[in-house]
Every structure is written in C-alpha cells, then in structure tokens.
Amino acid sequence: MTDGTGARIGQRLFVALQYALPQHLLSGLMFGFTRLRLGALTRGLIRAFVGHFKVDLREAHWSDPAAYPSFNAFFTRALRADARPPDGAANALLSPVDGTISQIGDIHDGQLFQAKGHEYGVVELLGGDSALARAFDGGRFATLYLSPRDYHRIHMPLDGTLRETIHVPGRLFSVNPVTVAAVPGLFARNERVVCVFDSTVGPLALVLVGAIFVGSIETVWSGRITPQRGRGVRREPAGTRPVRIARGEEMGRFNMGSTVIVLLPADSAQWSPGLGPGSPVRCRTAMGRIASPVAAGRDTHHTDG
C-alpha cells in the first residue's frame, strides 16, 4: 500500500467516524473541560498547544501563555489594543477573522461552492428563509476557515446595524478541509448562528458555523447563543434598541475553532485580486472593496430613528 493510498483510506475513516460519534456530547464535554482552572496542568496544556500549533502570541493582549487561567481564556484571547488597526481606505471590506480562505466567489443560482463536487443552497444555509436568501442572489460569498492556531474573535467587515439573529440547530462535523471535501452540504448541516446586518451596501450576513468540539458561539449583544439540538430554527429580531457595530469592531467569537461565511448582495463589492482557496487572511485587513452606497442601490432597512 502506497503512502498516498493509506492517507486516503485514513481520511475516509476519519470522515466516516464523525457520522457515528456523539458529536454534541463530545462538544459539551469539551466546553466544560476548556473552562477548568487547573493551575500548572492548564499552563502546561496551553504551552504544549502553543508549541505544537506554532501559535503566535506577539499581538495578543497577554503574550505569556501562563497568564491565561483556563484553556478557553487562551483560545478566545483578545488582541492588544494597538494591534491590527483597520485598513484606512473608506471602501475597504475587511476580513472578519484570521484564517484561510476555503472558497470565495460569486453566488450562482442560489448556490454556494463548498468543494469539488459539492454545492449547497443559500436558503438552506440561512435556515430555510427564502426571502432573505433572495437578497443575496447574484452576490458574493467567502468561506473562511479558522485553524486551531488562529485568533478566534470575529470582527465586522463593514459598519452594520443588526437586523436579526437566526439560530439553526444541526450536526457538528469537523470543518477541516478533509471533512469539507467529503461531507455534502456540510455548512448547511452543521449548527450555525446567522447574523444579519444592514449596511451601506445592503444586507450583510455573517454565518458562524459550529463544529465538533466547538463548545459554543458567542455574540457581543447576546452572549453565548449556540442553538440547542432539536429545538428548531429560532429567530431573534434586533429589538427596539439598535445594535450598531463599527467596521473592525468585535461582533462575536468561537469557543474553539470553526468557520465564518460572509454573504454580500449583488454589485456590492469586489474581492481583492489573487484571493482564492488556500489564501491566508488577517482580521481587519482588506479582502475586497465595496461599491459606493449609491452604486450598490440596495434597500438597507436601516433602523435609525
């Protein structure tokens, strides 16, 4: 058996095992474990993780691994206040995360490209909301994968006013490249939190996709809000007090790693030349340019009084 054949068999077994695993139970156990404060054991675990994954802490608020009381505190670490100033160009569309582009491009016939041989629908991704999905017909999308070594807070690509949050229950498959290439419609099957904003170019959706061992997803306006299994799709309108978040500001975080999908309407933005699957992205740096609000011509449904 060649090394390549053995690797492919191993990958297929890895994916097949995920169908059988108690995904939610394991993720719940990880949620509790990563919050334990075990002193020297916690510090040793963090140091081992930093060394194994080559985590760069130079821009972190606390650059010393020993400063974090729990593994989750380390994993959801903040940046220094002076780190990563947002791109100064007024029309810059910022990357919401540190990570790697899984896929990027246009939305064709209501479908997003996942991997070779796999597409999935915008309607399914958004929890079955066909009216919301139509707002992104012919638009742009970017799927951004956060590896274990990455910074795990999520920031706004543009100024936005929250319209609603949609909680969609589902499975918790891994979102690493091997699983994404093998599981049909993975991002529309996993648990996810859809955050819909009104912006100067129209609706903006940030889809925070859960994964195995992702104990929870948080937003700055609701705290921990990961959907509970079997409860059905839940919608939370923004409420009477508008939640406005400026471009580059934090809007949420993953407790353990996962994926963010950015959706934009047609004619609203262009991705930066050269970006494609495998390209690294850095939070608050430009990954595209937006059209002017007039050129975009979108109904923004602003809630300003």
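Residues numbered from 1 in each chain as written. Predicted model: local features only at pLDDT ≥ 70, side-chain atom pairs only at ≥ 80, totals over all residues. Heavy atoms only, no water.

**Q** Give me the lowdown on the overall build of the protein chain, citing residues and values where you can.
**A** Broken down by element type, the protein chain carries 8 helices and 18 strands. Relative to the globule expectation of 19 Å for 305 residues, the C-alpha radius of gyration of the protein chain, 19 Å, shows essentially globular dimensions. By its C-alpha atoms, the protein chain is 55 × 45 × 40 Å across when sized along the principal axes. Intrachain contacts of the protein chain at a sequence separation of at least 6 include 78% that bridge at least 24 residues. Summing over all exposed atoms, the protein chain offers an accessible surface of approximately 13700 Å²; the carbon and sulfur share of this is 56%. When the 33 basic and 25 acidic side-chain charges of the protein chain are each reduced to a single mean position, those positions are 8 Å apart. (Helix = DSSP H or I, 4+ residues; strand = E, 2+ residues; numbered from the N terminus. Rg over C-alpha atoms; globule rule 2.2 N^0.38 Å. Contact = heavy atoms within 4.5 Å. Areas by Shrake-Rupley, 256 points an atom, 1.4 Å probe, with all protein chains shown as cover. Lys, Arg positive; Asp, Glu negative; His and termini not counted. Charge placed at Lys NZ, Arg CZ, Asp CG, Glu CD.)

**Q** Tell me what's going on with the environment of leucine 125, and back it up with residues and numbers.
**A** Residue position: leucine 125 is located in helix 5 (residues 122-125). Residue class for leucine 125 comes out buried when judged on its relative accessible area of 0%. Each C-alpha atom, one on leucine 125 and one on arginine 284, is 25 Å from the other, the two residues being 159 residues apart in sequence. (Buried < 20%, exposed > 50% of the residue type's maximum accessible area, 1.4 Å probe, protein only.)

**Q** Please give an account of the packing of aromatic side chains that cites residues and values.
**A** Enumeration according to the criterion identifies 11 aromatic pairs in this entry. Aromatic side chains phenylalanine 49 and phenylalanine 75 sit 6.0 Å apart centroid to centroid with 70° between the ring planes, which places their arrangement in the edge-to-face category. One end of the pair, phenylalanine 49, is in helix 3 (residues 40-53); the other, phenylalanine 75, is in helix 4 (residues 71-75), and 26 residues separate them in sequence. Of the two residues, phenylalanine 49 and phenylalanine 75, both sit in the buried class. On the numbers, 5.8 Å between centres and 75° between planes, the contact of tyrosine 68 with phenylalanine 74 is edge-to-face. (Phe/Tyr/Trp six-rings, centres within 6.5 Å; stacked < 30°, edge-to-face > 60°.)

**Q** Outline the pairing of strand 3 (residues 111-115), supporting the account with residue identities and numerical values.
**A** It is a general feature of regular strands that their side chains alternate between the two faces of the sheet. As paired strands, strand 3 and strand 4 (residues 118-121) are joined by 4 bridges and run antiparallel to one another. Directly across from glutamine 111, in strand 4, lies its bridge partner glycine 121. Between strand 3 and the antiparallel strand that follows it, strand 4, lie 2 residues; glycine 117 among them carries a positive phi value of about 85°. (Pairing = 2+ DSSP bridges.)

**Q** Lay out the sheet that holds strand 11 (residues 223-224) in plain terms, naming residues and giving numbers.
**A** Spatially, the 4 strands line up as an open sheet ordered 6-14-10-11, and their pairing is antiparallel. At either margin of the open sheet sits one strand with a lone partner, and together these are strand 6 (153-155) and strand 11. Where strand 10 (residues 216-219) meets strand 14 (residues 250-255), 4 bridges bridge the pair, whose relative direction is antiparallel. When the sheet's bridge partners are listed, isoleucine 217 is paired in strand 14 with phenylalanine 254.

**Q** Just give me the short version of helix 2 (residues 23-33), but keep the residues and values in it.
**A** The set of residues buried in helix 2 consists of Gln23, His24 and Ser27. In a view along the axis of helix 2, the buried residues occupy a sector of 90°, so they form one face of it. Residues of helix 2 that are exposed and point over 90 degrees away from its buried face: Leu25 and Leu29. (Arc of directions from axis to C-beta.)

**Q** Give a description of the side chain of glutamate 191 that names residues and reports values.
**A** Note on placement: glutamate 191 falls in the loop between helix 7 (177-180) and strand 8 (192-199). Glutamate 191 sits in the buried class, given a relative accessible area of 4%. A polar contact is formed between the side chain of glutamate 191 and the side chain of histidine 24, at a distance of 2.9 Å. (Polar contact = N/O pair within 3.5 Å; in protein donor to acceptor, adjacent residues only side chain to side chain.)

**Q** An account of the nonpolar core is requested, with residue identities and associated values reported.
**A** Counting residues in each nonpolar core, the largest one holds 74 residues, and the members touching the most others are Leu208 and Leu263. Residue contributions to this core peak at 6 residues, all from strand 9 (residues 202-209). If sequence neighbours within four positions are ignored, leucine 208 has contacts with Ile154, Glu191, Arg192, Val193, Cys195, Ile217, Met251, Phe254, Thr259 and Val260. (Core = buried A, V, L, I, M, F, W, Y, C linked by side-chain atoms within 4.5 Å.)

**Q** I'd love a proper account of the layout of surface pockets, names of residues and values included.
**A** Space inside the largest pocket adds up to approximately 440 Å³. In terms of lining, the largest pocket is formed by 22 residues, of which the most central are Pro148, Ser174, Asn176, Ile212 and Phe213. Sorting the residues of the lining of the largest pocket by element identifies helix 1 (3-20) and helix 3 as the ones contributing at least two each. When its residues are assigned to classes, the lining of the largest pocket shows 16 nonpolar, 6 polar and no charged. (1 Å grid on protein atoms, 1.4 Å probe; cavity = no way out; pocket = protein on both sides within 12 Å on 5 of 7 lines; lining within 4 Å. Points joined across faces, edges and corners; volume = space filled by probe spheres on them. Nonpolar A, V, L, I, M, F, W, Y, C, P; charged D, E, K, R; others polar.)

**Q** Go over the pattern of salt bridges with me, naming the residues and quoting the values.
**A** A full pass over the atoms with the stated rule returns 13 salt bridges. Taking the shortest distance from any N to any O, the salt bridge between arginine 235 and aspartate 129 comes out at 2.5 Å. In this pair, arginine 235 is assigned in strand 12 (residues 234-237) and aspartate 129 in the loop between helix 5 and helix 6 (130-134), connecting sequence segments 106 residues apart. Overall, the relative accessible area of 41% leaves arginine 235 in the partly exposed class. You can call aspartate 129 buried: its relative accessible area is 12%. Across the pair arginine 153 and glutamate 250 runs a salt bridge whose closest N-O atoms are separated by 3.1 Å. A residue pair is termed long-range when its members are at least 10 positions apart, and arginine 153 in strand 6 and glutamate 250 in strand 14 qualify at 97 residues. We classify arginine 153 as buried; its relative accessible area is 13%. Look at glutamate 250 and you get partly exposed, because its relative accessible area is 21%. (Salt bridge = Lys/Arg side-chain N within 4 Å of Asp/Glu carboxyl O.)

Keep in mind that these numbers describe shape and distance, not what the molecule does.
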